[in-house]
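Report on the structure
Below are the chains, spelled out letter by letter.
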Amino acid sequence: MPKPNQQKFALVDCNNFYASCERVFDPKLEREPIVVLSNNDGCVIARSNEAKSLGIKMGVPYYQIKNLMIDKSVVIKSSNYPLYGDMSSRVMKVIGYYSPIQEVYSIDESFLDLSGFTLNLNTHMQSLKVQVKSWTGIPVCVGMGSTKVLAKLANRIAKKYSRFDGVFDIDKLPSERFEKLLDSVEVVTFGGLVISLLKSLSRSVLILPMIFTRLILALSKLY
Ligand SMILES: [Mg+2]
């Protein structure tokens, strides 16, 4: 029997959530570049991967990239919050089947407490990913770690590197690779103040009480 996992959290995060919701209701949009605009079609608030690779950035005003979008036949959607809210509840419900302790963190992110689980967590989270996609149509990535901050960081890695197949456990990294990883974490801008978020933090500092993790998570959500 495998060793029980000690403290362990997963962060399940939907990929390009608003753009993915639009795809669920219009499957013709699969593989098309999609951009979702904010209220009154002001600026970009979501992009499919295809739109990202055209160089379209988050938060850019629509008028600045209108020509590029016409040129590249980008599908433009006005935001539809009732649809996203409804899809979110469906996704969160499926995620909740995978742990008795779930914290819905935002419209497209949920933490699961996997502490003490004796099953293979990678397999467990792979089946969550497959189940969410097949029951709701929404793709997700899962990051795992011994704190919520680490799970969040792991999620970013799961999204960035396709070799992990959407699920990554940061506690499995040897410590020298972990240190290197922290060195490569981006700098966060907060109210004009540039904060080197994780760069200067050691692994031990990261394992701090919730209040600190909350702060870091709030900051990390800003970019
Ligand atoms: Mg997301």
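Placed above this text is the structure.
Numbers given for residues are sequential positions, taken from 1 along each chain in its written order. Residue-level local features of this predicted model are given only where pLDDT is at least 70; pairs of side-chain atoms are given and counted only at 80 or more, and the full residue set underlies all totals for whole chains, interfaces and linings. Working from all heavy atoms in the structure, the side-chain values ignore hydrogens and water.

**What to know about the pattern of salt bridges**
The salt bridge criterion pairs a side-chain nitrogen of Lys or Arg with a carboxyl oxygen of Asp or Glu, the two atoms within 4 Å. For the coordinates displayed, the defined rule picks out 10 salt bridges. With a closest N to O distance of 2.9 Å, K159 and D13 form a salt bridge. Of this pair, K159 sits in helix α6 (residues 148-160) while D13 sits in strand β1 (residues 9-14), and the two are 146 residues apart along the sequence. Each residue gets one of three labels from its accessible area relative to the maximum for its type: buried under 20%, exposed over 50%, partly exposed in between, using a 1.4 Å probe on protein chains only. Accessibility expressed as a relative area gives 34% for K159, which makes it partly exposed. Between D169 and K172 there is a salt bridge, with its nearest N and O atoms 3.3 Å apart. With relative accessibility at 8%, the residue D169 sits in the buried group. In this structure K172 comes out as exposed when scored by relative accessible area, which is 63%. Connected through salt bridges with shared partners, the residues K8, D169, D171 and K172 form a single ionic network. Runs of E in the DSSP output that reach at least two residues are strands. Runs of H or I that reach at least four are helices, and both are numbered from the N terminus.

**With respect to the environment of L29**
Residue position: L29 is located in the loop between α1 (17-25) and β2 (34-37). If we skip the residues at most four places from it in the chain, L29 touches E22, R23, I34, V75 and K77. Any two residues having at least one pair of non-hydrogen atoms within 4.5 Å are treated as being in contact.

**Observations concerning the packing of aromatic side chains**
By convention, a stacked pair of Phe, Tyr or Trp rings (six-membered ring in the case of Trp) has centres within 6.5 Å and planes under 30 degrees apart, an edge-to-face pair has planes over 60 apart, and any other such pair is tilted. Scanning the entire structure with this criterion turns up eight aromatic pairs. Judged by centre distance (5.8 Å) and plane angle (90°), the ring pair of Y81 and Y84 falls under edge-to-face. Linking Y81 with Y84, this pair stays in helix α4 (residues 81-96), spanning three residues, or about one helical turn. Y81 gets classed as partly exposed once you look at its relative accessible area, which sits at 35%. Relative to F168, the ring of F164 lies with its centre 4.5 Å away and its plane at 45°, an arrangement referred to as tilted. Among the aromatic side chains, those forming a connected cluster through ring pairs are F17, Y18, Y81 and Y84.

Function cannot be inferred from these measures alone, as they are strictly geometric.
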